[in-house]
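# Tertiary structure, described
Spelled out from the first residue to the last, the chains are:
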Amino acid sequence: KNQVEQSPQSLIILEGKNCTLQCNYTVSPFSNLRWYKQDTGRGPVSLTIMTFSENTKSNGRYTATLDADTKQSSLHITASQLSDSASYICVVSAGGSYIPTFGRGTSLIVHP
Amino acid sequence: EAQVTQNPRYLITVTGKKLTVTCSQNMNHEYMSWYRQDPGLGLRQIYYSMNVEVTDKGDVPEGYKVSRKEKRNFPLILESPSPNQTSLYFCASSLRGPGNTIYFGEGSWLTVV
């Protein structure tokens, strides 16, 4: 069964600090992996997409990495801001499937 | 502006009273889908549609129906709502499938009493 596990479940950091969120998956055959940001009460918004051949991709202060061998991805947030407070969801798509596999998300709180 | 619009945003209804949550996208996307989000469980797919008149079950389809008569619209129908369908619902669309960027609506908070 395809699964996506995210850690930590929640994280509290001070404004300006860096943090890293983890995503482990057992989805086969792997097609791509996306990170979404979901503000409280809003719909998720795509941050990055990683395909099999990509190791690193950046979007401003967000940097995603992918290790297809170990089936792990990370999302690194640099110089955190209060607006980074949100849930971050890892989503993995399998080739030939119309049903993506969602992680349960990491809830990030950035304190001033 | 590219968007997915769903209505109503907030609804309180009673057990057994049929309701429909509408969803419309203006991006000419082929793929549309419905999700529910519950605390601690994350997003779970209810139904999806690959194109007009083509729909299929997701992970949690029980108690729901959908239709795709037009490319832009994908309504979610609860024929006889029950309290366990109290949840936050999201409609979403993408160009051809979940491998493309998924654009989510703003969500519909549904409470069944």
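The model shown is predicted, which means the values in this text are computed figures rather than measured ones.

## Structural notes on the overall build of chain A
Helix and strand counts for chain A stand at 0 helices and 11 strands. On C-alpha atoms alone, chain A measures out to a radius of gyration of 13 Å, which is about the 13 Å that the 2.2 N^0.38 rule sets for 112 residues. Across its three principal axes, chain A shows a C-alpha extent of roughly 45 × 30 × 20 Å. Taken over 112 residues, chain A has a buried fraction of 44%. Taking contacts inside chain A between residues at least 6 apart in sequence as the whole, the part at least 24 apart equals 55%. Looking at chain A as shown, the accessible area adds up to about 5,500 Å², and 49% of this sits on carbon and sulfur atoms.

## Brief notes about the state of the cysteines
In this structure the tally under the stated criterion is 2 disulfides over all chains. Two residues share a disulfide in this structure: Cys23 of chain A and Cys90 of chain A, whose sulfurs sit 2.0 Å from each other. Judged by the sign of its S-S torsion, about -65°, the bond between Cys23 of chain A and Cys90 of chain A is left-handed. Here Cys90 of chain A lies in strand S9 (residues 86-94) and Cys23 of chain A lies in strand S3 (residues 19-26), a separation of 67 residues in the sequence. The same class applies to Cys23 of chain A and to Cys90 of chain A, which are both buried. Disulfide partner of Cys23 of chain B: Cys91 of chain B, at an S-S distance of 1.8 Å. Measuring the twist about the S-S bond at about -75°, one finds the Cys23 of chain B-Cys91 of chain B disulfide to be left-handed. Placement of the pair is Cys23 of chain B in strand S3 (residues 19-25) and Cys91 of chain B in strand S9 (residues 87-94), with a sequence separation of 68 residues. Both residues of the pair, Cys23 of chain B and Cys91 of chain B, belong to the buried class. Here Cys19 of chain A stays free of any disulfide, with the sulfur of Cys23 of chain A as its closest cysteine sulfur at 15 Å. Accessibility expressed as a relative area gives 6% for Cys19 of chain A, which makes it buried.

## Re the environment of Gln22 of chain A
All names here are of chain A. Within the secondary structure, Gln22 is located in strand S3. Residue classification places Gln22 among the partly exposed residues on the basis of a relative accessible area of 33%. As for Gln22 and Ser53, which are separated by 31 residues in sequence, their C-alpha atoms are 19 Å apart. Discounting chain neighbours no more than four positions away, the residues touching Gln22 are Glu5, Gln6, Ser7, Trp35, Ser73 and Ser74.

## Side note on a nonpolar patch on the surface
Taken together, the side chains of Ile12, Val14 and Val113 of chain B make up a nonpolar region of the molecular surface, amounting to roughly 300 Å² of accessible area. Counting through the fold element by element, Ile12 of chain B comes out in strand S2 (residues 10-13).

The rules behind these values
- Residues numbered from 1 in each chain as written.
- Chains lettered and ligands numbered in written order.
- Predicted model: local features only at pLDDT ≥ 70, side-chain atom pairs only at ≥ 80, totals over all residues.
- Heavy atoms only, no water.
- Helix = DSSP H or I, 4+ residues; strand = E, 2+ residues; numbered from the N terminus.
- Rg over C-alpha atoms; globule rule 2.2 N^0.38 Å.
- Buried < 20%, exposed > 50% of the residue type's maximum accessible area, 1.4 Å probe, protein only.
- Contact = heavy atoms within 4.5 Å.
- Areas by Shrake-Rupley, 256 points an atom, 1.4 Å probe, with all protein chains shown as cover.
- Disulfide = S-S within 2.5 Å.
- Patch = residues over 30% accessible without salt bridge, like charges linked within 9 Å, V, L, I, M, F, W, Y side chains within 5 Å.
- Salt bridge = Lys/Arg side-chain N within 4 Å of Asp/Glu carboxyl O.

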